[in-house]
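A look at the structure
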Amino acid sequence: MNNQFDSEKKIFIIPSRKKKEFLERIEKDLNEEQRKVVLEADGPSLVIAGPGSGKTRTIVYRVGYLVALGYSPKNIMLLTFTNQAARHMINRTQALIRESIEEIWGGTFHHVGNRILRVYGKIIGINEQYNILDREDSLDLIDECLEELFPEENLGKGILGELFSYKVNTGKNWDEVLKIKAPQIIDKIEIVQKVFERYEKRKRELNVLDYDDLLFFWYRLLLESEKTRKILNDRFLYILVDEYQDTNWLQGEIIRLTREENKNILVVGDDAQSIYSFRGATIENILSFPEIFPGTRIFYLVFNYRSTPEIINLANEIIKRNTRQYFKEIKPVLKSGSKPKLVWVRDDEEEAQFVVEVIKELHKEGVKYKDIGVLFRSNYHSMAVQMELTLQGIPYEVRGGLRFFEQAHIKDMISLLKILFNPQDEISAQRFFKLFPGIGRAYAKKLSQVLKESKDFDKIFQMQFSGRTLEGLRILKNIWDKIKVIPVQNFSEILRVFFNEYYKDYLERNYPDFKDREKDVDQLILLSERYDDLEKFLSELTLYTYAGEKLLEEEEEEKDFVVLSTIHQAKGLEWHAVFILRLVQGDFPSYKSMDNIEEERRLFYVAVTRAKRELYVITYLTRKVKDMNVFTKPSIFLEELPYKELFEEWIVQREI
DNA sequence: ACACACATCGTTTTT
DNA sequence: CGATGTGTGT
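Parameters and conventions
Residues numbered from 1 in each chain as written. Chains lettered and ligands numbered in written order. Predicted model: local features only at pLDDT ≥ 70, side-chain atom pairs only at ≥ 80, totals over all residues. Heavy atoms only, no water. UniProt positions renumbered as here; feature names shortened; annotations may be inferred. Helix = DSSP H or I, 4+ residues; strand = E, 2+ residues; numbered from the N terminus. Contact = heavy atoms within 4.5 Å. Near = heavy atom within 4 Å. Polar contact = N/O pair within 3.5 Å; in protein donor to acceptor, adjacent residues only side chain to side chain. Nonpolar A, V, L, I, M, F, W, Y, C, P; charged D, E, K, R; others polar. Axes fitted to C-alpha atoms, helices over the stretch in contact; angles between N-to-C directions. Left-handed = near helix turned anticlockwise from the far one by under 90°. Pairing = 2+ DSSP bridges. Expected span 1.5 Å × (residues − 1). Phe/Tyr/Trp six-rings, centres within 6.5 Å; stacked < 30°, edge-to-face > 60°. Buried < 20%, exposed > 50% of the residue type's maximum accessible area, 1.4 Å probe, protein only. Lys NZ or Arg CZ within 6 Å of the ring centre and 35° of its normal. Salt bridge = Lys/Arg side-chain N within 4 Å of Asp/Glu carboxyl O. Patch = residues over 30% accessible without salt bridge, like charges linked within 9 Å, V, L, I, M, F, W, Y side chains within 5 Å. Areas by Shrake-Rupley, 256 points an atom, 1.4 Å probe, with all protein chains shown as cover.

**Section: the UniProt feature "binding site: ATP" (unreviewed entry) in chain A**
The feature "binding site: ATP" (unreviewed entry), as annotated in UniProt, sits at Ala49, Gly50, Pro51, Gly52, Ser53, Gly54, Lys55 and Thr56 in this numbering. Turning to its location among the elements, Gly50 is positioned in the loop between β1 (45-49) and α3 (55-68). Filtering out sequence-adjacent residues up to four positions away, Gly50 remains in contact with Asp270, Gln273, Leu301, Lys328 and Ile330. Turning to its location among the elements, Thr56 is positioned in helix α3. Beyond its immediate chain neighbours, meaning those up to four positions away, Thr56 contacts His88, Met89, Arg92 and Asp242.

Right, dumping it as structure tokens:
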């Protein structure tokens, strides 16, 4: 067997100077708690770390230390939960150990799952030419299944998608899943089950995997193939997992199975920052870790190097109100600063004006834009602030919201590459065919089925159509004849031809903002030129979400902009000054999460602990609903606090 | 049977 | 802004 992973377990003799140098750095850069983790976390190790306690730093140094000891980055797996965190960590590791860490297996669980399934998937019957469905694609397929089985049923695809995902990620049975996630439709359990089965079957037929499948089949692979399990156990000499409190049952199982023999597993987490239960995350994984891995060493990092005592004090007060909390208060190290501000404004418009005014003032005082973060519970909460920032010409970047890849025009362009990669992918094919005049839902479906059966694009031109549809097909044939002569490896050329010959006109015909969209497509084509492997390009586009970030870091020229981010995406980040928007009952906590108020509170805790020195929490009493001002209540998270002590209160009034 | 233009409505959080 | 629904035209 000529397996690409075999025979890579080489450990070579430590270049002692390198180790010595590294030990000196550890001595200089880390505190005693952190140092202990870096030097001693062999075997199963659990690090309980508060916000701002330097846990990323600790993990990064641990990896650096392992490399200094002579371990190859190839044999280290570094897992995190969000792309944001993954990027952060990998960049920092790179900066620390200067030599190439290209080969480190780092990234989100989904990334690594994808990488493994492309190699080993066939062992459990996965054709490695699969396409990955993003959320929208997967919901469309679910909708199709529902339509076929129960055309009269008025269940939404949204709720079904959520249930399916929860089921796969938690491994619970349907009864439990419905009781927990959707008790109101518990009588429809059979429908849900049937649609799920159909959905699973269809995905196999189309040779596509959704996000959850990337984890689920990874798990199945470990479970069912002893040989592969052994290979992967051997391959990864060290596994490190960040944000362990946000992992779910399925991810816990993956870790367990990958550590059956080699027990070098380091997980880092903070139960107070667990904010992903909606996708099945459970702190059970932290709590039961010592049982699953007997002999676990537990480390604590409790000193906070990020925030002023005033901010920490507020954070501790917030989290105290959760009954289900397991660990420590965090302890401030920095010297005293000013009290957090509690700001009363009239409505969202005034909120936006206030935020922007203060940003301008801070900037005048010398605070860089990039040291300012504006955080919110839901994406649409930031609309007013975005408008105001634009109006005032302040540079900003939005994290969260529509991802680059999820934009319609990007998905349109990519659908062509996806069907070239995998002609069975009816979802992408339908999307592609619908771009042509005279072809709508129904015809697109027919065409995609013909393509799937024959795997021969030219077959579709033998079909009989009339009128507008015939004309549309003529245009398609014209384009296709130009594209089919280009080798698939040359996919950036394919994109360029398709764009110039057709899609550019399509954009101008259909979107008033076509100029912006054309710019995006230009970016996409430029990005595609950096890849020589189509699979990698497609996978990374779908998995690495480029949320709001410039695709091609333009020469790293002093990027200085205010960051607007959901709290979820802000985890692990920090700013000198932080604004938290809409501490209004119903918005934050979100009215949809009233049954999980403790998690919402943890979210508030996460938001507060992003601030280093200045914190503005904004609340108000009215809100516009269709030109009417209706009354709202301040968030319960404020009312439950002794806020007169914790905050300095501000009331905003407009100059007349 | 099908495509398509237009209107209306409501928005959690992420891979 | 996008998803969804309705009405009209081929």
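Next comes the rest of the write-up.
**Some details on the protein's contact with DNA strand C**
As a structural note, the neighbourhood of DNA strand C is formed by Glu136, Lys157, Leu402 and Arg468. A distance of 3.2 Å separates a phosphate oxygen of DNA strand C from a polar atom in the side chain of Glu136. Class assignment of the residues belonging to the surface near DNA strand C gives a composition of one nonpolar, no polar and three charged.

**Some points on the packing of helix α10 (residues 211-224) against helix α12 (residues 249-258)**
Between α10 and α12, the least distance of the axes is 10 Å, while the angle of their chain directions is 35°. Our pair here, α10 against α12, has a crossing hand that is left-handed. Across the interface between the two elements, Asp212, Leu215, Phe216, Trp218, Tyr219, Leu222 and Leu223 from α10 touch Trp249, Leu250, Gln251, Glu253, Ile254, Leu257 and Thr258 from α12. Partitioning the contact of α10 with α12 into residue classes produces 10 nonpolar, two polar and two charged.

**Describing the sheet that holds strand β6 (residues 238-241)**
Strand order in the open sheet formed by six strands is β3-β2-β6-β7-β1-β8, with parallel pairing between adjacent strands. Each having just a single partner strand, β3 (105-108) and β8 (297-301) make up the two edges of the open sheet. Going from strand to strand, the sheet's axes swing by 15° on average, the running direction of each strand aside. The pairing of β6 with strand β7 (residues 265-269) spans three bridges and is parallel. Residue pairing across strands places Ile239 opposite Ile265, the latter belonging to β7.

**Details of helix α6 (residues 135-149)**
Taking 1.5 Å as the rise per residue, α6 with 15 residues should run 21 Å; its terminal C-alpha atoms sit 21 Å apart, in good agreement. Close packing links the buried residues of α6 with β4 (131-132), α7 (157-170), α9 (189-206), α18 (408-421), α19 (426-433) and α20 (441-454). The N-cap residue of α6 is Asp134: its side-chain oxygen and the backbone nitrogen of Glu136 are 3.2 Å apart.

**Some points on the packing of aromatic side chains**
One pass over the structure, following the stated rule, counts 36 aromatic pairs. Their ring planes at 50° and their centres at 5.4 Å tell us that Phe432 and Phe498 sit as a pair that is tilted. Within this pair, whereas Phe432 is found in helix α19, its partner Phe498 is found in helix α22 (residues 491-510), the two being separated by 66 residues in sequence. Across the pair, exposure class does not vary: Phe432 and Phe498 are buried alike. Measuring from centroid to centroid gives 4.5 Å for Phe436 and Tyr502, while their planes differ by 20°, and the two rings are stacked. Separated by 66 residues along the polypeptide, Phe436 in the loop between α19 and α20 and Tyr502 in helix α22 bring together distant segments of the chain. There is no split in this pair, since Phe436 and Tyr502 are both buried. What links up through ring pairs into an aromatic cluster is the set Phe432, Phe433, Phe436, Phe457, Phe461, Trp480, Phe498, Tyr502, Tyr503 and Tyr506. Sitting above the plane of the Tyr130 ring, Arg118 keeps its charged end 3.7 Å from the centroid. The ring of Tyr276 has Arg279 sitting right over it, with the charged end atom 5.0 Å from the ring centre.

**Here we look at the pattern of salt bridges**
Pairing is possible between side chains of opposite charge, provided their charged atoms come close. Tallied over the full model, the rule gives 57 salt bridges. The residue Glu27 makes a salt bridge to Arg35 at a minimum N-O spacing of 3.7 Å. Lys230 serves as the salt-bridge partner of Asp234, at 2.9 Å between the closest nitrogen and oxygen. Highlighted residues: Asp234 and Lys230, both in helix α11 (residues 226-235), separated by four residues, approximately one helical turn. Within this structure, Glu144, Glu148, Arg198, Lys201, Arg202, Glu205, Glu426, Lys445, Lys452 and Glu453 form a network of salt bridges that share partners.

**Examining the protein's contact with DNA strand B**
What surrounds DNA strand B is a group of 31 residues, the closest being Arg377, Asn379, Gly438, Gly440 and Lys592. The sugar and phosphate moieties of DNA strand B supply 64% of its atoms located within 4 Å of the protein. Within the contact set of DNA strand B, a sugar or linking oxygen lies 3.5 Å away from a side-chain nitrogen or oxygen of Thr108. Those elements that provide at least two residues to the surface near DNA strand B are α20 and α25 (567-570). With four residues, the single largest contributor to the surface near DNA strand B is α20. For the surface near DNA strand B, the class distribution of residues is 10 nonpolar, 13 polar and eight charged.

**Details of a nonpolar patch on the surface**
Together, Phe303, Tyr305 and Val333 make up an exposed nonpolar region whose accessible area comes to about 250 Å². The residue Val333 is located in the loop between β10 (331-332) and β11 (341-345) in this model.

**Points about the sheet that holds strand β15 (residues 575-580)**
Within a sheet, each strand pairs with its neighbour through backbone hydrogen bonds, oriented either parallel or antiparallel. Spatially, β13-β14-β12-β15-β16-β11-β19 is the arrangement adopted by the seven strands of the open sheet, whose pairing is parallel. Two strands in the sheet have a free side with no partner beyond their single neighbour: β13 (396-399) and β19 (648-651). Ignoring strand direction, the axes of neighbouring strands in this sheet form an average angle of 20°. Note: β15 against strand β16 (residues 611-620), five bridges, orientation parallel. Bridged to Ile580 within β16 is Val617. This element, helix α17 (residues 383-391), spans β13 and β14 (562-566) of the sheet and lies at about 160° to β13.

**Comments concerning unusual backbone geometry**
Glycine aside, the phi torsion of most residues is negative, and most peptide linkages are trans. Look at the link from Phe588 to Pro589: it is a cis peptide, with omega at 10°. Position of Pro589 among the secondary structure elements: in the loop between β15 and α26 (597-608). The backbone of Glu243 sits at a positive phi, close to 50°, despite the residue not being glycine. Turning to its location among the elements, Glu243 is positioned in the loop between β6 and α12. Here Arg582, not a glycine, exhibits a phi torsion of approximately 55°, which is positive. Relative to the elements of secondary structure, Arg582 occurs in the loop between β15 and α26. Judged by relative accessible area, Arg582 falls into the buried class, the value being 7%.

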